[in-house]
There are 2 protein chains.
Amino acid sequence: MREFALIDLLTASLPTHGSVVVGAGDDCAVLDLGLADRWVLFKTDAVVEGVHFTAATEPRRIGHKALARCASDLAAMGGLPTVALVTVGLPIGFAPTDVQEVYAGLNALARRLGVGIAGGETSASPDGLWLSVALLGTVAKDRCVLRSGGRPGDALFVTGTLGGSRRGKHLDFEPRVVEGRWLAERFPLHAMIDLSDGLAGDLRHVLKASGVGAELDANAIPISEAARATASGPSPEEAALRAALTDGEDFELLFSLATEDVEPLLTAWPTKFPHLSLSHVGVLTHEPGLRLRDDRGVRPLELDGYAHFQ
Amino acid sequence: MREFALIDLLTASLPTHGSVVVGAGDDCAVLDLGLADRWVLFKTDAVVEGVHFTAATEPRRIGHKALARCASDLAAMGGLPTVALVTVGLPIGFAPTDVQEVYAGLNALARRLGVGIAGGETSASPDGLWLSVALLGTVAKDRCVLRSGGRPGDALFVTGTLGGSRRGKHLDFEPRVVEGRWLAERFPLHAMIDLSDGLAGDLRHVLKASGVGAELDANAIPISEAARATASGPSPEEAALRAALTDGEDFELLFSLATEDVEPLLTAWPTKFPHLSLSHVGVLTHEPGLRLRDDRGVRPLELDGYAHFQ
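In this report, the structure presented in the accompanying data block is examined. (Residues numbered from 1 in each chain as written. Chains lettered and ligands numbered in written order. Predicted model: local features only at pLDDT ≥ 70, side-chain atom pairs only at ≥ 80, totals over all residues. Heavy atoms only, no water.)

1. Considerations on the overall build of chain A
Condition: Think of it this way: any DSSP run of H or I at least four residues long counts as a helix, any run of E at least two long counts as a strand, and we number them from the N terminus. For this measure, only C-alpha atoms enter the radius of gyration; the expected value for a globule follows 2.2 Å times N^0.38, where N is the number of residues. A 1.4 Å probe rolled over the protein chains alone gives each residue an accessible area, and that area as a share of the maximum for its type sets the label: buried under 20%, exposed over 50%, partly exposed in between. A contact between two residues is defined here by any heavy atoms of the two lying within 4.5 Å. Note that accessible areas follow from Shrake-Rupley with a 1.4 Å probe, and for residues the cover is restricted to the protein chains shown. None of His or the chain ends enter the tally, which takes Lys and Arg as positive and Asp and Glu as negative. Where a charge sits is defined by one atom per residue type, namely NZ (Lys), CZ (Arg), CG (Asp) or CD (Glu).
A tally of helices and strands in chain A yields 9 helices and 13 strands. Here the C-alpha atoms of chain A give a radius of gyration of 19 Å, agreeing with the 19 Å that 2.2 N^0.38 yields for 310 residues. Counting only C-alpha atoms, chain A reaches 55 × 55 × 45 Å along its principal axes. Sorting the 310 residues of chain A into buried and exposed places 59% on the buried side. Expressed as a percentage of contacts within chain A between residues at least 6 apart in sequence, the contacts between residues at least 24 apart total 83%. Carbon and sulfur atoms make up 51% of the accessible area of chain A, which amounts to about 12,100 Å² in all. Of the side-chain charges in chain A, 28 are positive and 40 negative, and the distance between the mean point of each set is 2 Å.

Next comes the structure, spelled out in structure tokens:
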């Protein structure tokens, strides 16, 4: 059974609670704990040796990645992360100095984000190292951006450049927390998600949640230097595009908003974020499905995201 | 380096956040998110194949234990658990029906506790199965019980019976959520903790946090049937007592309160909880350290908790 089919099955029958505004199926859980104007965001994620890093990865980067992944999910809702707990599975004989380095990476990112680490647990792990991070944050109720709000006609944007993350970005990326909050506070975003499964894969999550289709503009997809550097085969250009569409762990933001907001966004962005590109990569459509437009015309995009290639 | 020394080192330099009322070092993190009369409790914990269960453990019991451990920590602060997220590390080839059974165990306990499961993550795990649970809850600000409030002269109580948990209770225990809330709401408890490292080990955590000592009454320690059944050696009675003092994963509540509240507690308890014993096991003292009184007199208790025997 594929991962997403299993998740659909499991999430169909989960117990509910009155405080849950949005449960399984979006970037974070959204909770109404009784605060007047804010919701609480709640997210957990894990990094596992042999899956998200290797035995040779520097411990500091492992700690960084563990927290950054959760922070990226809060960013994708326009949220402000506040407090994390960290659970560590430690292999027998894992050096205490390496544990300290894992925490040094965690702590450095936490300090940059203004996040407190309020404890956690350590467990023995019979095999490799793993870290599970639980992160809380808040978002103004009228500024929380879900996957499900996309509307036909919306313009689709992505931050940064895509593909080739396994060359190093997957360990060192900065979660787009400042960018996500700025976008959500300044513009009426309709839908947003962070790119962990690849543009094609994550866009499909938005399309499913929003009940719309999309058309991507091949010439507008921002292909990273890393994706170009690793592209090979008879058509390196096509391989690089494919990497940008399907490689996982870009951790950029993909969002949609009404066309009337495109011009103000494109004017304000470069002043606020001069070192991060913003690309208008396509449009949401009434017609279901995902299509790619290039110089040869428009065709269905069969490529899936990262998870399906595993 | 022993586990607790490493934890002390790591927690000495964690980033902080203004909302953290109590951080690392108690059963849960306590957060002030701006609610008028309640604090938010936040806890994560994990169960790992080969550490907390085996490859032969029924999946349903694994799911139960994963949530029950976190709920037990909230119970130990007098808290009400509300919403959980579940992160699962799935070995290659782990049967989807077994994953469903893990969730059946989680969901059944969640429903009994009134907890919603608002999503989570699945990851591949190159080796064994593991689950990490993050649990939120609430507690009235004036009813939150910490480890640090114990005072000399306090009476010490434990719920249930102790020792021999690995015979099965460690997989099937019911977290004392109802009992913890009732105690915290009805009586001015000074300190409370749940027993995961054994009575001797967890009592030491309370003594350290509260800056007091304690004397336990050997004849009052409630030894479980499981501890008696497994006790062997030249003195089975002493082996059973040792198991009750040091075996891990009892998940009963240990708490202290002023002597004037002992009589009302002992009167009210059996009416409210006729099927769960409550034992007055000792007293907190000005004199530091942990001592055991038995028919031969009083002597220092050198036994540590579960973690130190690993």
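2. Structural notes on the interface of chain B and chain A
Much of the literature gives interface size as the accessible area that the parts lose upon coming together. Heads up, the rule is: Summed over both partners, the accessible surface that disappears when two parts come together, traced with a 1.4 Å probe, is what is meant by buried area. We count a salt bridge whenever a side-chain nitrogen from Lys or Arg sits within 4 Å of a carboxyl oxygen from Asp or Glu. Polar contacts, as counted here, are pairs of nitrogen or oxygen atoms within 3.5 Å of one another; within protein the pair requires one atom able to donate a hydrogen and one able to accept it, and residues that are adjacent in sequence qualify only if both atoms are side-chain atoms.
Listed by partner, the interface residues are 65 residues for chain B and 66 residues for chain A. For the pair chain B and chain A, the summed buried area comes to about 4,900 Å², and 70% of that belongs to carbon and sulfur atoms. Along the contact surface separating chain B from chain A lie 2 salt bridges. A salt bridge links Glu-121 of chain B to Lys-43 of chain A; the shortest N-O distance between them is 2.7 Å. Connecting chain B to chain A are 13 residue pairs in polar contact (both at pLDDT 80 or more).

3. What about the relation of the copies chain B and chain A?
Condition: Alignment of copies: least-squares fit on C-alpha atoms of residues with pLDDT of at least 70 in both copies.
For these two chains of identical sequence, chain B goes onto chain A by a turn of 180 degrees and a shift of 0.0 Å along the axis, with RMSD 0.0 Å. The superposition operator between the copies reduces to a two-fold rotation axis.

4. Digging into the packing of helix α2 (residues 59–75) of chain A against helix α3 (residues 96–113) of chain A
Residue and element names in this part refer to chain A. Test applied: Here, axes are lines fitted to C-alpha atoms. For helices the fit covers the stretch in contact, and angles between N-to-C directions go from 0 to 180 degrees. When describing relative orientation, an angle under 35 degrees is termed roughly parallel and one over 145 degrees roughly antiparallel, while 65 to 115 degrees is termed roughly perpendicular and anything else oblique. Take the far helix as your reference; a near helix turned counterclockwise from it by less than a right angle gives a left-handed crossing, and one turned clockwise gives a right-handed crossing. Gly is placed with the polar residues, together with every amino acid not listed as nonpolar (Ala, Val, Leu, Ile, Met, Phe, Trp, Tyr, Cys and Pro) or charged (Asp, Glu, Lys and Arg).
Contact geometry of α2 with α3 gives a least axis separation of 6 Å together with a crossing angle of 40 degrees. One way to sum up the angle between α2 and α3 is to call them oblique. Here the hand of the crossing between α2 and α3 comes out right-handed. Only Asp-98, Glu-101, Val-102, Ala-104, Gly-105, Leu-106, Leu-109, Ala-110, Arg-112 and Leu-113 of α3 make contact with α2, whose side of the interface consists of Pro-59, Arg-60, Gly-63, His-64, Leu-67, Ala-68 and Ala-71. For the contact of α2 with α3, the residue count by class is 10 nonpolar, 3 polar and 4 charged.

5. Topic: the packing of helix α1 (residues 3–11) of chain A against helix α3 (residues 96–113) of chain B
Interhelical geometry of α1 of chain A versus α3 of chain B gives an angle of 30 degrees and a closest axis separation of 10 Å. Overall, the two elements α1 of chain A and α3 of chain B adopt an arrangement that is roughly parallel. Our pair here, α1 of chain A against α3 of chain B, has a crossing hand that is right-handed. Residue-level contacts link Leu-6, Leu-9 and Leu-10 of chain A of α1 of chain A to Pro-96, Val-99, Gln-100 and Tyr-103 of chain B of α3 of chain B. By residue class, the composition of the contact of α1 of chain A with α3 of chain B is 6 nonpolar, 1 polar and no charged.

6. Structural notes on the sheet that holds strand β9 (residues 213–217) of chain B
Residues and elements named next belong to chain B. The condition that has to hold: Whether two strands pair depends on DSSP finding at least two bridges between them.
Taken together, 7 strands build an open sheet; the order of strands is β8-β10-β7-β11-β9-β12-β13 and the sheet is mixed. Looking at which strands have only one partner, the edges of the open sheet turn out to be β8 (191–194) and β13 (297–300). Between one strand axis and the next, the sheet turns through 25 degrees on average, direction left out of account. Two elements, strand β7 (residues 155–159) and strand β11 (residues 278–285), share 5 bridges in a ladder whose sense is antiparallel. Residue pairing for β11: Thr-159 is matched across the bridge by Leu-278. Docked against the sheet, helix α9 (residues 262–272) engages β7, β10 (253–257) and β11, running at close to 15 degrees with respect to β7.

7. Quick look at the sheet that holds strand β12 (residues 290–294) of chain A
All names here are of chain A. Ordered in space as β8-β10-β7-β11-β9-β12-β13, the 7 strands form an open sheet in which the pairing is mixed. The open sheet is flanked by β8 (191–194) and β13 (297–300), the only strands paired with a single partner. Going from strand to strand, the sheet's axes swing by 25 degrees on average, the running direction of each strand aside. Note that strand β7 (residues 155–159) and strand β10 (residues 253–257) share 4 bridges and pair antiparallel. The residue of β10 that forms the bridge with Val-158 is Leu-254.

8. Quick look at the pairing of strand β5 (residues 116–125) of chain B
Residues and elements named next belong to chain B. Burial of β5 is extensive: 7 of the 10 residues sit out of reach of the surface. Relative to β5, strand β4 (residues 80–91) runs parallel, the two being bridged by 8 bridges. Paired with Leu-90 across the two strands is Ala-124, which belongs to β5.

9. Details of the packing of aromatic side chains
Any two aromatic rings considered together are summarised by their centre-to-centre distance and by the angle between their planes. Residues and elements named next belong to chain A. The criterion, for reference: By convention, a stacked pair of Phe, Tyr or Trp rings (six-membered ring in the case of Trp) has centres within 6.5 Å and planes under 30 degrees apart, an edge-to-face pair has planes over 60 apart, and any other such pair is tilted.
Taken as a whole, this structure holds 14 aromatic pairs over all chains when the rule is applied. Summarising the aromatic geometry, the rings of Phe-157 and Phe-255 are spaced 5.6 Å apart at their centres and angled 15 degrees between planes, so their arrangement reads as stacked. With Phe-157 in strand β7 and Phe-255 in strand β10, this residue pair connects regions lying 98 residues apart in the sequence. Under the relative-accessibility criterion, Phe-157 is labelled buried at 0%.

10. Quick notes on the pattern of salt bridges
In this structure the tally under the stated criterion is 44 salt bridges over all chains. Between Glu-215 of chain B and Arg-293 of chain B there is a salt bridge, and its shortest N-O distance comes to 2.6 Å. Of this pair, Glu-215 of chain B sits in strand β9 while Arg-293 of chain B is found in strand β12 (residues 290–294), placing the two residues 78 residues apart along the sequence. You can call Arg-293 of chain B partly exposed: its relative accessible area is 40%. Several salt bridges share partner residues, and in doing so they unite Asp-45, Lys-65, Arg-69 and Glu-249 of chain A into one network.

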